[in-house]
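Fold and geometry: a report
Here is how the chains run, residue by residue.
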Amino acid sequence: MKVICRPLRCLGVVLPPCLSGPLCAISFAFLLSQPAFAEVALERFNDPQWLPSGSIQIDRASEEGTFDFVLSGAEKIKRDIVIDRLREVTGERESITWQLPSAAHLPELGNAVVAEFDTTLFSCIGRDCGRSNVWANAVFNNALLFGPDDKQRYAAGIVSVDDRQVLIAAYLVQRGNLRKYLHLQVLRPNQAVEFDKARGVANSLIGSGVAQLEEPRPDDDGSFADSADAILATLGQRLQALENVQIYVVCHIYSSDAAADALLASQRCADNAAASLRSSVAAAGPSYLPFGAGSLLPRQGDVINRLELVIPERLPRDGRAGATFSRQ
């Protein structure tokens, strides 16, 4: 089912509640009365050591309420805002924006942010993230974050602070005027949130025709860790509803070996992954076709070993994200 939302009447994105004087006053009072959250939950993000020298914090706000935690790209198709996957979370949220020095290297900084996560739930680079305009104006309500679609990065993950779950959303962008920004949202749920990665991958695949798997990650020789079979079998169960659909299992290997060796390793990787996905498929379920891409299909700034699932006939003709929406 396609669920979409119109600008200013968004069903898929909850705009920040601080839209009037009284609510702003409440949020400000909450910030002053809750230093423990600012000091503990933001310990790794309040003054990050991984930020480049010369970064300037230009905005910070605290809110309490129910928020959408985005776990996919954010797209706009005609007048509709489309987000494949998000989770509604109730709790406390800190939002911080930094202006970065001109010498900041966004790929390195994006990797530094993800390295702080205990668990990475979703990440994207460039056009795979959708429209920067949607992130800036609908998701974050911050026009400073609007830039070219190919100059953005987003990551969502989990960190543990004093045995409490903290959710992190990080957005990096270089604007058309070459100014660079990092926006962090640090959300502390009232109750711990469980995330089903297999469901999120299935939603992305059904909606946009392509899904990049955060795990399992293949080694340079095309092998996987012991946990890979269980992860892929669970994903295969989620995809059972795609009866008689052909799904390509594409493996990318970027090693120091010759391209021909990387191709062979990636084919082994794709064969093994497809076999694990098939292990839970009923007669009417999807079929899995392995394809070893080696190092021949790189994406800018994303040359990492990875698995992708692709349904060619579901890929949008303009190459952008699909048009489905799911709350986990």
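An account of the accompanying structure is given in this report. (Residues numbered from 1 in each chain as written. Predicted model: local features only at pLDDT ≥ 70, side-chain atom pairs only at ≥ 80, totals over all residues. Heavy atoms only, no water.)

What follows is about helix α3 (residues 106-116). L106, L109, G110, A112 and V113 are the residues of α3 that are buried. End-on, the buried residues of α3 take up no more than an arc of 160°, which puts them together on one face. Away from the buried face of α3 by more than 90 degrees, exposed residues E108, N111 and A115 are located. Against β4 (85-100), β6 (152-161), β7 (164-174) and β8 (180-189) lie the buried residues of α3. (Buried < 20%, exposed > 50% of the residue type's maximum accessible area, 1.4 Å probe, protein only. Helix = DSSP H or I, 4+ residues; strand = E, 2+ residues; numbered from the N terminus. Arc of directions from axis to C-beta. Contact = heavy atoms within 4.5 Å.)

A word on the sheet that holds strand β11 (residues 287-294). Strands sit in the order β9-β12-β10-β11 across an open sheet of 4 strands; the sheet is mixed. The sheet is open, and its two edges are formed by β9 (210-213) and β11, each paired on a single side. Here the average twist between neighbouring strands, direction ignored, is 20°. In this sheet, strand β12 (residues 306-310) lies alongside strand β10 (residues 246-252) in antiparallel orientation, the contact comprising 5 bridges. Opposite Y248, over in β12, you have V310 as the bridge partner. Against the sheet, helix α7 (residues 259-278) makes contact with β10, β11 and β12, and its axis sits at roughly 160° relative to β11, the strand it touches most. (Pairing = 2+ DSSP bridges. Axes fitted to C-alpha atoms, helices over the stretch in contact; angles between N-to-C directions.)

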